[in-house]
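Summary of structural features
Residues per chain are reported as follows:
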Amino acid sequence: MCGITGYIGGNKTTDILIDGLKRLEYRGYDSCGIAVIDARNSLYLRRVSGRVGALDKLVAAEPVKGARIGIGHTRWATHGVPSEDNAHPHTDCASQLVVVHNGIIENYLELKEQLLFAGHKFKSETDTEVIAHLLEEKLKTLHVQEKAVRSDMLEPVFFEAFRRMLADIKGSFALSVIWARCPHMLLAARMYSPLVVGLGKGENFIASDVSAFLKHTKRVVFLNDGEMAAVKEDGVDFYTFQGKKISKDCVTIQWDSTMAEKGGYKHFMLKEIHEQAEAVENTLRGRLLPLGGDILRREIGLSADAMRSFSGVQFIACGTAYHACLVGRVLFENFGVPASADIASEFTDRAGLLSDKTLVVAISQSGETADTLFAVREARASGAKVLAITNTVGSTLTREADYVLHTHCGPEIGVASTKAFMGQLAAIYLLAGHFAAARRLLLETDARSYAENLLKMPRLIEEILEQEKEIAKVAQGFASSEHFLFISRHINYPIALEGALKIKEISYVHAEGYPAGEMKHGPIAIIYAGMPLLAVAPSGRALELMAGNVEEAKARGAEVVAIVDSASKKVIKASRYITLPLADELFTPMLTVIPLQIFAYHVALAKKCDIDKPRNLAKSVTVR
Ligand code: F6R
């Protein structure tokens, strides 16, 4: 998501931090900042809403003397709009402690309440700021007041307060703090968000990814979840969160900086495909249990009463996000909640038919898609309430919606959407589960099994990602095909559409997604001998009918690649199979889409297309 840099050592601290931030720019961000401790042990903090170039100019205009330690951050908003106040680093009340953080502190509201009660003053809307105040509070309980602690005791006290602070925070984090009273040690910790230490000579580094410091050292130590580091000029010590000292292996990175930006993947799209298990975890974290309870009211203001009051749900979006809407429609209808889904640019007159009894769910990765925004405005003009599902905090859509459910997927750089789609699906399943439970359409045992199914998804996604090589081989066999058909039924029909869209976008070949049952009403005429047809056919109520549709296509010469599981493989007769782990049919779209993304990627790779920046496409479509 966001980017972290940290440095201790020579006297070029600000240059090194800013250079590190520039190398993290590719990750996408909306604001940035650095904090260093100067020669007089004062904190120097500079932040901007906008680019690292602007931060660089600000620092150059007021250079700092003698700083040998500092931290920096590029922020991609998750809590609070993009602004200078919300940019990291964040300080405690006394501006002595300063923190940078990637991830989400799940219990920040609860902690903030306690800290406000204890008299702390907050300056931002972020979850991160609680870390600085909590640490200040821990130092207080260790009786650290001016001159009360011998200078040789400051390091152990800082370390112990940090450790106690870590015990109180929940969620995902990579974080680093420095303390003006203890300028010889930087502390860093990791839980579910990457953090790496770079080992230099007389200087050491930390970062959220190696590209930030690869120019200075290739010798690195990767922290695992639940581990922390005390980083000094002359060495780094590693500990568990319980304070037990551990030894860690140092590895030498062979990547150049471009490879490092992509985490060793050839393209951002491939990297993002591989980030999908994490995307689901981030979207669900802390929001699922208990289904139908108070969670959505507390986070986004959507109460169980409100969920009961709507007569139906209307989804609107464009492109890939529209395919997520189609899954949403089937899911809500499965629970008996009337739902429809429309392409935003085709919504026009339907908006006039809405009332305050309809919940409009507008889905947009960027939150800036003009067609979606226009449809939202029309819907609101009819009195409908709008719930936005978006990946972009502070986007126009978030400002115009009544409720906002962020997907927390991190920036998506590849133009073809993959992990953002997965986050949208996770958010829809989350919303549908809460809706159904609030309306008593999902009773206790079923609610538990629904949640369990959802929580299993990241592990199943990882299992599929491990099959990339086999899927690539299948794709390479079709690199010269000029037409592709994708078919499926019910909740996986939108996935057939998404598979076709992915291949069109990045390979520039003709592809169609069709409801399998509709093929014989016309489109079957286009099938020719050897035409690739991808049939999405997991086990479930559509299986027998899918098997028939596959036979019809084969009889006309189609070369069928079947996306199956171990049970449906026995029913579908295809020439090639991609076999997925078994899952409840209702949840399969989160799985079946992955082989189609990988398939599209490898067809495009074999065709040597510009995968991350396909021709004629833009990441954000702000015109109608
Ligand atoms: C496809 C893709 C587009 C977007 C569409 C909507 O890979 O990226 O189809 O899904 O332009 O964009 P957002 O979600 O930003 O509203």
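In the block above lies the structure referred to throughout.
All figures in this text were calculated on a predicted structure; none of them were measured in a lab. (Residues numbered from 1 in each chain as written. Predicted model: local features only at pLDDT ≥ 70, side-chain atom pairs only at ≥ 80, totals over all residues. Heavy atoms only, no water.)

**Topic: the packing of helix α11 (residues 319–334) against helix α14 (residues 419–438)**
Relative to each other, α11 and α14 sit at 25 degrees, their axes nearing to 9 Å. Considering the angle they form, α11 stands roughly parallel to α14. Where α11 crosses over α14, the handedness of that crossing is right-handed. Of the residues in α14, those touching α11 at Thr 320, Ala 321, His 323, Ala 324, Cys 325, Val 327, Gly 328, Leu 331 and Phe 332 are Phe 421, Gln 424, Leu 425, Ile 428, Tyr 429, Leu 431, Ala 432 and Phe 435. (Axes fitted to C-alpha atoms, helices over the stretch in contact; angles between N-to-C directions. Helix = DSSP H or I, 4+ residues; strand = E, 2+ residues; numbered from the N terminus. Parallel < 35°, antiparallel > 145°, perpendicular 65-115°, else oblique. Left-handed = near helix turned anticlockwise from the far one by under 90°. Contact = heavy atoms within 4.5 Å.)

**Section: the site of the ligand**
Residues in close proximity to the ligand total 13 residues, the closest being Ser 364, Gln 365, Ser 366, Thr 369 and Glu 505. Taking 400 Å² as the accessible area of the ligand by itself, protein coverage stands at 89%. Among the secondary structure elements, those contributing two or more residues to the shell around the ligand are α11 and α17 (493–507). A breakdown of the residues in the shell around the ligand according to their chemical character gives 4 nonpolar, 7 polar and 2 charged. (Near = heavy atom within 4 Å. Areas by Shrake-Rupley, 256 points an atom, 1.4 Å probe, with all protein chains shown as cover. Nonpolar A, V, L, I, M, F, W, Y, C, P; charged D, E, K, R; others polar.)

**Some words on a negative patch on the surface**
Judged by side-chain charge, Glu 278, Glu 281, Glu 462 and Glu 466 come together as a negatively charged surface patch. Secondary-structure assignment places Glu 462 in helix α15 (residues 444–465). (Patch = residues over 30% accessible without salt bridge, like charges linked within 9 Å, V, L, I, M, F, W, Y side chains within 5 Å. Salt bridge = Lys/Arg side-chain N within 4 Å of Asp/Glu carboxyl O. Lys, Arg positive; Asp, Glu negative; His and termini not counted. Charge placed at Lys NZ, Arg CZ, Asp CG, Glu CD.)

**Here we look at the pattern of salt bridges**
Scanning the model with the defined rule gives 29 salt bridges in all. The salt bridge partner of Arg 350 is Asp 342, with a shortest N-O separation of 2.5 Å. By relative accessible area, Arg 350 is classed as partly exposed at 36%. Here Arg 377 ties to Glu 400 by a salt bridge, and the two come within 2.8 Å at their closest N and O atoms. In this pair, Arg 377 is assigned in helix α12 (residues 370–381) and Glu 400 in helix α13 (residues 396–400), connecting sequence segments 23 residues apart. Using a relative accessible area of 21% as the deciding quantity, one classes Glu 400 as partly exposed. (Buried < 20%, exposed > 50% of the residue type's maximum accessible area, 1.4 Å probe, protein only.)

**Let's talk about the environment of Ile 471**
Within the secondary structure layout, Ile 471 lies in helix α16 (residues 468–476). The exposure class assigned to Ile 471 is buried, which follows from its relative accessible area of 1%. Considered as a pair, Ile 471 and Leu 24 are 447 residues apart in the sequence and their alpha carbons are 31 Å apart. With sequence-adjacent residues up to four places away left out, Ile 471 is seen in contact with Ile 464, Ile 578, Pro 595, Ile 598 and Phe 599.

**What about the side chain of Thr 78?**
Structurally, Thr 78 can be placed in the loop between β4 (69–75) and β5 (90–91). In this structure Thr 78 comes out as buried when scored by relative accessible area, which is 9%. A polar contact of 3.1 Å, which involves the side chain of Thr 78, links it to the side chain of His 79. (Polar contact = N/O pair within 3.5 Å; in protein donor to acceptor, adjacent residues only side chain to side chain.)

**What to know about the sheet that holds strand β8 (residues 186–191)**
The antiparallel open sheet is built from 7 strands, whose spatial order is β5-β6-β7-β8-β12-β13-β14. Since the sheet does not close on itself, it has two edges, and those belong to β5 and β14 (245–246), each with one partner. As paired strands, strand β6 (residues 97–105) and strand β7 (residues 171–179) are joined by 9 bridges and run antiparallel to one another. Paired with Gly 103 across the bridge in β7 is Phe 173. (Pairing = 2+ DSSP bridges.)

**Here we look at the pairing of strand β23 (residues 532–536)**
Counting buried positions along β23 gives 5 out of 5 residues, so the element sits mostly inside the fold. Of the two faces of β23, the one carrying Pro 532, Leu 534 and Val 536 and the one carrying Leu 533 and Ala 535 are both buried. With 3 bridges connecting them, strand β21 (residues 483–488) and β23 associate as parallel partners. What sits directly across from Ile 487, in β23, is Ala 535. Both β23 and strand β24 (residues 559–565) contribute to a ladder of 5 bridges, which runs parallel. Within β24, the position partnered with Leu 534 by the bridge is Val 561. Taken together, β23, helix α18 (residues 543–555) and β24 constitute a β-α-β crossover, and its handedness is right-handed. (Right-handed = clockwise from strand over helix to strand, strands pointing away.)

**Looking at α18**
Since one α-helical turn is 3.6 residues long, residues separated by three or four positions face the same way. Helix length check: α18, at 13 residues, gives a terminal C-alpha distance of 18 Å against a target of 18 Å (1.5 Å per residue), a fit within 8%. Taken together, the buried positions of α18 are occupied by Leu 543, Met 546, Ala 547, Asn 549, Val 550 and Ala 553. Down the axis of α18, the smallest arc covering the buried residues is 165 degrees, so these residues share one side. Projecting away from the buried face of α18 at angles above 90 degrees are the exposed residues Glu 544 and Ala 555. Turning to α18, the residues buried within the fold contact β21, β23 and β24. Downstream of α18 by a residue or two, Gly 557 has a phi angle that is positive, lying close to 100 degrees. (Expected span 1.5 Å × (residues − 1). Arc of directions from axis to C-beta.)

**Some remarks on the packing of aromatic side chains**
Counting across every chain of the model gives 14 aromatic pairs. Ring geometry for Phe 315 and Phe 332: centres 5.6 Å apart, planes at 70 degrees, overall edge-to-face. Taken together, the residues span a long stretch of sequence, with Phe 315 in strand β16 (residues 312–317) and Phe 332 in helix α11 at a distance of 17 residues. Grouping residues by exposure puts Phe 315 and Phe 332 together as buried. (Phe/Tyr/Trp six-rings, centres within 6.5 Å; stacked < 30°, edge-to-face > 60°.)

**Regarding helix α19 (residues 589–606)**
Between its terminal C-alpha atoms α19 stretches 26 Å, which fits the 26 Å expected from 18 residues at 1.5 Å a residue. The buried count for α19 comes to 16 of 18 residues, which makes it a mostly enclosed element. Among the residues trailing α19, Lys 608 stands out with phi positive, at a value near 60 degrees.

**A word on the side chain of Ser 539**
You can see Ser 539 is positioned in the loop between β23 and α18. Within polar-contact distance, the side chain of Ser 539 engages the side chain of Asp 565 at 2.7 Å. The contacts of Ser 539, once residues within four sequence positions are left out, are Asp 565, Ala 567, Ser 568, Leu 582 and Glu 585.

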